[in-house]
Amino acid sequence: MPMQTARTEPIEGQKPGTSGLRKKTKVFQRPHYLQNYVQSIFDGIGGIEGKTLVVGGDGRFFNDDAIQIILRMAAANGASRCIVGQGGLLSTPAASNLIRQHNADGGLILSASHNPGGPDADFGLKYNGPNGGPATEGVTQKIYDRTKTIDAYKITASGGIDIDTLGTRTHQGMQVDIVDPVADYAALMERLFDFDKIAALFKSGFTMRFDAMHAVTGPYAAAILEDRLGAASGTVVNGTPSPDFGKGHPDPNPIWAKALMDEMYGPDAPDFGAASDGDGDRNMIVGKGAYVTPSDSLALLTAKAHLAPAYAEGLAGVARSMPTSRAVDNVAKALGINCYETPTGWKFFGNLLDAGKVTLCGEESAGTGSDHVREKDGLWAVLLWLNILAETGKSVSDLLAEMWATHGRCYYTRHDFEDVDSDKANAMIDALRARLTDLPGTQAAGLTVAAADEFAYDDPVDGSRSTGQGLRLTFTNDARAVFRLSGTGTQGATIRVYLEQLESDPARLGLDPALALDAVASAALEISDLKAMTGRDAPDVIT
Ligand code: G1P
Ligand code: ZN
């Protein structure tokens with residue numbers, strides 16, 4: 001087989017314990033950089049000889065070139081088959097589904113998720129294992145170790161593999177199947193949800209706006225919402241994936257999906273609004289004049305999932321990441337099911353899902369999912385909401401009001417301080433960590449600290465322990481503040497401060513969230529001394 005082995009050097013930038021690599025596009029385009037990481041993945045998972053891999057990405061700049069390199073390297077490393085989304089496109093949940101459906105040995109997903117794309121923005125690559133989920137810590141450690149020692153990679157001498165035409169071809173002995181990126185995923189959704197009921201809802205005049213943010217979910221949303229469920233044409237906006245996401249920031253939250261928020265709070269608001277991120281795993285849900293926090297969305301889906309066919313038998317359990325609000329805990333308690341608290345990051349849910357301990361899981365960062373794949377899934381969350389709206393005939397705000405009246409309301413916000421000098425950010429966290437045991441009883445902004453600790457997680461399935469997963473302070477009035485450093489930022493350090501206030505008094509369920517959280521926000525700043533330690537006056541992003 002005509003093949004070359006290029007000499008190379010170890011690469012910088014891969015963080016141990018993260019299930020992928022996210023960097024500036026220009027870094028990925030450096031000679032041998034992507035190649036080194038791909039070879040490190042192949043070596044780290046024990047070689048790919050005779051294996052089947054799923055390959056696809058969110059369509060951002062460099063997606064096509066990177067896929068050509070990956071396919072040539074997969075062939076040179078002896079893979080027997082690659083299943084590739086047509087045009088190089090696959091949403092992250094669709095890739096997870098394909099891995100599972102074809103019993104593939106894993107997949108390579110090209111995306112920097114919700115980070116902007118383009119020659120001067122971000123690119124990323126992650127490896128998912130045979131269960132369809134992000135690589136486990138053990139595997140990511142092996143890949144990381146390999147990035148430190150790698151000195152050569154294998155690649156076929158010629159490229160130009162047609163990934164735009166459906167069908168099967170071969171590249172130097174490896175079978176390449178170009179598949180419709182949407183078909184299998186849409187079929188899965190049709191098995192999970194009552195499509196007839198949702199179609200009837202649209203037929204009755206129910207209106208919706210889905211903002212695909214110029215990212216990968218456009219074709220999925222158009223095929224499912226408009227073509228199969230009969231939502232009016234034009235329901236899906238910004239539906240054509242673009243290499244730089246229309247110069248936007250494909251992160252579905254009130255800041256970056258502002259146009260959708262304005263429409264949903266305007267005079268002609270549709271009944272339901274939703275958005276998804278670059279690679280289609282995150283979601284934002286908003287009713288007429290009613291933004292749903294991701295934490296509340298997880299709680300509501302948990303309370304009502306039984307209304308969709310796939311979950312009619314009830315849920316085995318539910319899981320949330322530690323900084324996600326405790327709203328779902330109250331719902332789980334009422335349902336009599338377990339609620340697991342995991343570290344930030346989807347990979348921790350994988351074990352619980354594989355072991356059948358949980359059916360639904362979610363994160364405050366707009367990720368919600370279930371055991372149907374091993375990734376969070378934006379459109380899935382939207383369809384579950386639609387199924388619930390169709391079954392109950394209630395509006396989003398009615399459903400929320402009902403839930404708050406029954407379980408109390410968890411006001412919630414996240415403050416991000418971005419691109420902070422790494423030394424200063426670490427110093428702030430270290431100083432707070434050192435004072436944790438002294439904090440109970442401390443008063444700040446009228447609140448009193450009840451407990452303070454650093455979150456560690458003992459995985460109930462494999463017994464592994466993950467430490468250093470965020471500093472948390474609870475207050476005597478049911479408020480909570482959590483501090484952690486982002487593991488996905490690409491520049492400096494990002495400090496995330498998660499603020500929460502649980503209110504059960506019926507008279508306090510309709511407050512302005514910013515007001516309801518004012519005291520805990522002030523207390524968090526005062527106790528952490530964040531301003532003095534980092535030189536930052538205000539958060540860069542509030543979600
Ligand atoms: C962020 C989110 C986290 C999510 C991850 C990947 O990580 O906070 O919930 O799993 O992106 O989408 P962070 O930057 O906080 O480490
Ligand atoms: Zn994403």
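So, here's what we can say about the structure.

About the cut-offs
Residues numbered from 1 in each chain as written. Chains lettered and ligands numbered in written order. Predicted model: local features only at pLDDT ≥ 70, side-chain atom pairs only at ≥ 80, totals over all residues. Heavy atoms only, no water. Donors = N, O, S within 2.8 Å, 3.2 Å for Na, K, Ca; no water. Tetrahedral: all angles 85-135°; square planar, octahedral: opposite > 155°, others 65-115°. Helix = DSSP H or I, 4+ residues; strand = E, 2+ residues; numbered from the N terminus. Pairing = 2+ DSSP bridges. Contact = heavy atoms within 4.5 Å. Axes fitted to C-alpha atoms, helices over the stretch in contact; angles between N-to-C directions. Buried < 20%, exposed > 50% of the residue type's maximum accessible area, 1.4 Å probe, protein only. Arc of directions from axis to C-beta. 1 Å grid on protein atoms, 1.4 Å probe; cavity = no way out; pocket = protein on both sides within 12 Å on 5 of 7 lines; lining within 4 Å. Points joined across faces, edges and corners; volume = space filled by probe spheres on them. Nonpolar A, V, L, I, M, F, W, Y, C, P; charged D, E, K, R; others polar. Near = heavy atom within 4 Å. Polar contact = N/O pair within 3.5 Å; in protein donor to acceptor, adjacent residues only side chain to side chain. Areas by Shrake-Rupley, 256 points an atom, 1.4 Å probe, with all protein chains shown as cover.

## Looking at the coordination of the zinc ion (ligand 2)
Then step 1. Summarising the metal site, the zinc ion (ligand 2) is bound by the protein donors Ser113 (OG), Asp277 (OD), Asp279 (OD) and Asp281 (OD), whose distances to it range over 2.0 to 2.1 Å.
Then step 2. Coordination at the zinc ion (ligand 2) comes from four donor atoms whose angles at the metal span 87 to 158°, giving a geometry best classed as irregular.
Then step 3. In the primary structure, the donors to the zinc ion (ligand 2) are separated according to the pattern S-x163-D-x1-D-x1-D. Here aspartate 277 lies in the loop between strand S12 (272-276) and strand S13 (283-287) and serine 113 lies in the loop between strand S5 (106-110) and strand S6 (122-128), a separation of 164 residues in the sequence.

## Quick word on unusual backbone geometry
Then step 1. The phi torsion at asparagine 103 lies on the positive side, around 45°, for a residue other than glycine.
Then step 2. Along the polypeptide, asparagine 103 turns up in the loop between helix H4 (92-101) and S5.
Then step 3. In this structure, lysine 247 takes a positive phi of about 60° despite not being glycine.
Then step 4. One can find lysine 247 in the loop between strand S11 (236-237) and helix H9 (258-264).

## Here's the deal with the sheet that holds strand S10 (residues 208-211)
Then step 1. One open sheet accounts for five strands, arranged S11-S10-S12-S13-S14; its pairing is mixed. In this open sheet, the two strands that pair with only one neighbour each are S11 and strand S14 (290-292).
Then step 2. Pairing of S10 with S11 involves two bridges; the strand directions are parallel. Bridge pairing in S11 places aspartate 211 opposite valine 237.
Then step 3. Packed on one face of the sheet, helix H13 (residues 378-392) meets S10, S12, S13 and S14 and runs near 165° to S12.

## Some thoughts on helix H6 (residues 183-192)
Then step 1. Buried residues of H6: Tyr185, Ala186, Leu188, Met189 and Leu192, and no others. Angularly, the buried residues of H6 cover 155° about the axis, an arc narrow enough to put them on a single face.
Then step 2. In this structure, the buried side of H6 is in contact with H4, helix H7 (195-203), helix H8 (217-228) and H13.

## Section: the layout of surface pockets
Then step 1. Taken as a whole, the second largest pocket holds about 410 Å³ of empty space.
Then step 2. Around the second largest pocket sit 26 residues that line it, and Ala135, Thr136, Glu137, Lys347 and Asn351 are the ones nearest its centre.
Then step 3. Contributing elements (two or more residues each) for the lining of the second largest pocket: helix H5 (137-149), helix H12 (347-354) and strand S23 (465-466).
Then step 4. Of all the elements, H12 adds the most residues to the lining of the second largest pocket, at five residues.
Then step 5. Counted by class, the lining of the second largest pocket contains nine nonpolar, ten polar and seven charged residues.

## A short note on empty space enclosed by the protein
Then step 1. For the structure shown, the criterion picks out one cavity of 30 Å³ or more.
Then step 2. Space inside the largest cavity adds up to approximately 40 Å³.
Then step 3. Asp296, Ala299, Ala327, Asn330, Val331, Met403, Trp404, His407, Gly408 and Leu502 are the residues that line the largest cavity.

## Describing the site of ligand 1
Then step 1. In the vicinity of ligand 1 there are 13 residues, among which Ser365, Ser486, Gly487, Thr488 and Arg496 approach most closely.
Then step 2. One of the side-chain N or O atoms of glutamate 363 is found 2.7 Å from an oxygen atom in ligand 1.
Then step 3. Interatomic distance of 2.7 Å between a side-chain N/O atom of arginine 484 and an oxygen atom of ligand 1.
Then step 4. Contact with the protein chains covers 91% of the free accessible surface of ligand 1, which is 390 Å².
Then step 5. A per-class count over the shell around ligand 1 returns no nonpolar, six polar and seven charged.

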